[in-house]
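Summary of the model geometry
Next come the chains, spelled out residue by residue.
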Amino acid sequence: MKQIVTSLLFMLACAGIDCFACTNLLVGKKASADGSVFITYNMDAYGMCAKLLVTPGALHQKGEMAKVYNYDDHILMGEIPQVERTNHVVGFINEHQLVITETTFVGREGQENPDGLIHYTALMQLALERARTAREAIDVMASLVADYGYASSGETFSIADKDEMWIMELIGKGSDEKGAVWAAVRIPDDCICAHANQSRIHHIDFKDKKNYKWSKDVVSYARKKGFFSGKDADFDFSKAYSPTNFHMQRACEARVWSIFNKFSDDFAKYIPTVDGWHLDNYEEMPLYIKPNSKISREQAMDVMRDHYEGTPFDMTVDISGGPWNSPYRPRPQEYQIDGKTYFHERPIASQQSACVMLAQIRPWMPDALGGMLWFGNDDANMIAYTPLYCCITRAPQCYNDPAASDVDFSWDSAFWVCNWVSNMVYPRYSIFYPELKALREKLQGTYAQQAQALEEELQQQIAQNGADDATKERITRFAESCASDMLCHWKELGIKMVVMYNDMALKPQKDGEFERTEHGRGVSPLRNGYSDMYRRAISTVTGDRYLEK
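Residues numbered from 1 in each chain as written. Predicted model: local features only at pLDDT ≥ 70, side-chain atom pairs only at ≥ 80, totals over all residues. Heavy atoms only, no water.

1. Quick word on the environment of Ile159
Topologically, Ile159 is positioned in strand S11 (residues 154–160). For the pair Ile159 and Ala184, spaced 25 residues apart in sequence, the C-alpha separation works out to 9.7 Å. Setting aside its immediate chain neighbours within four residues, Ile159 contacts Leu98, Val99, Ile100, Ala134, Ala137, Ile138, Met141, Glu164, Met165, Trp166 and Met168. (Helix = DSSP H or I, 4+ residues; strand = E, 2+ residues; numbered from the N terminus. Contact = heavy atoms within 4.5 Å.)

2. Topic: the pairing of strand S14 (residues 192–195)
The alternating pattern of S14 places Ile192 and Ala194 and Cys193 and His195 on opposite faces, both of which are buried. In terms of strand pairing, strand S1 (residues 23–27) meets S14 through four bridges, oriented antiparallel. Its bridge partner lying in S14, Asn24 is registered against His195. Note: S14 against strand S16 (residues 288–289), two bridges, orientation antiparallel. Bridge pairing links Ile192 to Ile289 in S16. (Buried < 20%, exposed > 50% of the residue type's maximum accessible area, 1.4 Å probe, protein only. Pairing = 2+ DSSP bridges.)

3. A closer look at the packing of aromatic side chains
Per the stated rule, a full pass over the model turns up 26 aromatic pairs. With a centroid separation of 6.4 Å and an interplanar angle of 45 degrees, the aromatic rings of Tyr389 and Phe478 are classed as tilted. With Tyr389 in strand S21 (residues 386–389) and Phe478 in helix H13 (residues 469–500), this residue pair connects regions lying 89 residues apart in the sequence. This pair shows no difference in class: Tyr389 is buried, exactly as Phe478 is. Between Tyr429 and Tyr433 the ring centres are 4.6 Å apart and the planes differ by 15 degrees, which places this aromatic pair in the stacked class. On the criterion of helical spacing, the pair formed by Tyr429 and Tyr433 is a turn pair, its members being four residues apart in helix H12 (residues 429–465). Each member of the pair, Tyr429 together with Tyr433, is buried. Grouped by ring-pair contacts, the aromatic residues Tyr221, Phe227, Phe228, Phe235, Phe237 and Tyr241 constitute a single cluster. (Phe/Tyr/Trp six-rings, centres within 6.5 Å; stacked < 30°, edge-to-face > 60°.)

4. Some points on the packing of helix H11 (residues 414–425) against H13
Two elements in contact, H11 and H13, have axes separated by 10 Å at closest approach and are oriented at 30 degrees. The pairing of H11 with H13 is recorded here as roughly parallel in orientation. Read as a crossing pair, H11 and H13 show a hand that is left-handed. Residue-level inspection shows Ala414, Val417, Cys418, Trp420, Val421, Met424 and Val425 of H11 in contact with H13, the latter providing Met486, Leu487, Trp490, Lys491, Leu493, Gly494, Ile495, Met497 and Val498. For the contact of H11 with H13, a count of residues per class yields 14 nonpolar, one polar and one charged. (Axes fitted to C-alpha atoms, helices over the stretch in contact; angles between N-to-C directions. Parallel < 35°, antiparallel > 145°, perpendicular 65-115°, else oblique. Left-handed = near helix turned anticlockwise from the far one by under 90°. Nonpolar A, V, L, I, M, F, W, Y, C, P; charged D, E, K, R; others polar.)

5. Let's talk about the nonpolar core
Counting 161 residues, the largest nonpolar core has Phe157, Ile159, Phe235, Tyr241, Tyr389 and Trp490 as its most contacted members. Ranked by residues supplied to this core, first place goes to H12 with 13 residues. Discounting chain neighbours no more than four positions away, the residues touching Tyr241 are Gly107, Arg108, Ile171, Val181, Asp217, Val218, Tyr221, Ala222, Phe227 and Phe235. (Core = buried A, V, L, I, M, F, W, Y, C linked by side-chain atoms within 4.5 Å.)

6. Here we look at the pairing of strand S12 (residues 165–172)
For S12, a buried count of eight out of eight residues is recorded, marking the element as mostly surrounded by other parts of the structure. Alternating positions in S12 separate into two faces, Met165, Ile167, Glu169 and Ile171 on one and Trp166, Met168, Leu170 and Gly172 on the other, with burial throughout. Direction of pairing for S11 relative to S12: antiparallel, over a ladder of six bridges. From the neighbouring strand, Thr156 faces S12, where its bridge partner is Glu169. Linking two consecutive strands that pair antiparallel, namely S11 and S12, is a turn of four residues.

7. A look at the sheet that holds S14
By definition, the strands of a sheet pair up through backbone hydrogen bonds, in either a parallel or an antiparallel sense. Read from one edge to the other, the open sheet built from seven strands follows the order S16-S14-S1-S2-S19-S20-S21, with strand pairing classed as antiparallel. Of all the strands in the sheet, just S16 and S21 have a single pairing partner and so form its edges. Where strand S2 (residues 37–44) lies against strand S19 (residues 353–361), eight bridges are found, and the strand directions are antiparallel. Of the residues in S19, the one forming a bridge with Ile39 is Ala359. Relative to S14, helix H7 (residues 246–262) is tilted by about 155 degrees, and along the sheet it contacts S1, S14 and S16.

8. Considering the side chain of Ser158
Here Ser158 lies in strand S11. By relative accessible area, Ser158 is classed as buried at 0%. A distance of 2.9 Å separates polar atoms of two side chains, one belonging to Ser158 and the other to Asn24. Apart from the residues lying within four places of it in its own chain, the contact partners of Ser158 are Asn24, Leu26, Ile39, Val99, Ile100, Thr101, Trp166 and His195. (Polar contact = N/O pair within 3.5 Å; in protein donor to acceptor, adjacent residues only side chain to side chain.)

9. Digging into the confidence of the model for the protein
Of the residues in the protein, 95% reach a pLDDT of 70 or more, and the chain-wide mean stands at 93. Taken as a whole, residues 1–19 scores under 50 in pLDDT and shows 62 contacts with residues more than four places along the chain or in a different chain. (pLDDT = per-residue confidence, 0-100.)

10. A few points about unusual backbone geometry
Of the consecutive residues Arg331 and Pro332, the connecting peptide bond is found in the cis state with omega at 15 degrees. Assignment of secondary structure puts Pro332 in the loop between helix H9 (297–303) and strand S17 (334–337). Look at Asp503: it is not a glycine, yet its phi comes out positive at around 60 degrees. The residue Asp503 is located in the loop between H13 and strand S22 (509–510) in this model. Backbone geometry places Asp511, a non-glycine residue, at a positive phi of 55 degrees.

11. Focus: H7
In a regular helix each residue adds 1.5 Å, so 17 residues correspond to 24 Å; H7 covers 23 Å between its end C-alpha atoms and thus fits that length. Most pronounced at Glu253, the bend in H7 amounts to some 40 degrees. Buried residues dominate H7, accounting for 13 of its 17 residues. (Expected span 1.5 Å × (residues − 1). Bend = angle between axes of the 7 residues up to and from the residue.)

12. A look at the packing of H12 against H13
It is at 11 Å that the axes of H12 and H13 come closest, and there the two elements cross at 170 degrees. Relative to H13, the element H12 lies roughly antiparallel. Grouping the constituent residues of the contact of H12 with H13 by class yields 18 nonpolar, four polar and six charged.

Take a look at the structure:
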């Protein structure tokens, strides 16, 4: 029972602090460069100190109960009967290479059930513990909310296994009914899909039960509530349960557009769809697309680092990015000036990310090595992903530091060390980011090479004899080594940045080292000041106040 409780603490923080800001990319095995399935996920919530925990698989006695919590309020809601055997779970992947991630959409007002038992984070964990395949996970999730009630707002789930990749959307029935309405669509193996806090399932082919699944009342409930009238064939899940508005198009669907735009030759035509200014007349984006080329793991990682660079929504090209073209903006996202409402763009990469991951599923490999998470704490653009296999028996300490919390800094915590560095980079982006990016790419390349060498050495052994305790320990120690190495390099990077831009003057470097005089002292720092764009903005706002006479 203790394992069940602690395993959910990783997700507990996510639900407690307004987590309506995540993004997922799904890449089918025939759409990836190496035959893997990729699922990316950034968990966004201000103030959340995310920790990655490992839930050991276990056998349970008949009559044993699993505790279920309301993670928003951190209170025990009740218990449900435990199953005979639960799977080993590492974050969002289990021992069978089943992955489940999510993004939240609000949906229509009043659809949350205050008496529901199952919160979406508990729903994901329970499905990972109880299911071996994506279809099983969908059935487990549907039955849990039907039996015990759903306690959250709208949710989009990415669900993938070694054979299939699905997107599932689910929303409660409010206080009048216990369960939820839902729909699920299988994504073709040669396609990619994405979602970002907005319902994306529109059409349901009720004749195709192989590639679509749905709750039996998905249409009838919408009719009863007045959300839809018409023929079943014309039913639109998204429009019925989560009608759009400016914010949902510009801040949510635009992130999906940015992903698709990277891997398609004709997505410029959807700019009016996502700019939010054409709500009365726009063409809906497809749920999934076939990419114009196969997608590598590195490309999938880089998707999560996007700030609309090179698009009409680019955040680095105007004065709102400050003196050094930062693509990061303080919140709130919307603000008022003289009675008018303005907004900041909401990109995929955001300072509010508590952690990010890329799940990699490899059907041709034994499960112990085939399923893995590439994980990092903080904003994807500001971290180096490190590898964690689905068979590891414990999380690296820096990803689960007991001394760290949202208000307790620790030098042993990846969350806090990475945030320390990031918060130096954000306001001085064009100065510091090249340093960070170079180290990030170097480390990720090193870890990828080391992981490949480990897999080549162990794959045949595990395929023949399975992963025994000694092998799992070795794989666990490898994950710990990579994470520890990253933490060490990130501390050194932070120290270098303090020296590099002390007193707002830049110390020159050559070949990655600070330049010195013949006597060993640092050469005179560069005092470049603001960019011309920012100086012009200052002169515009202040007029003649600083004009030399």
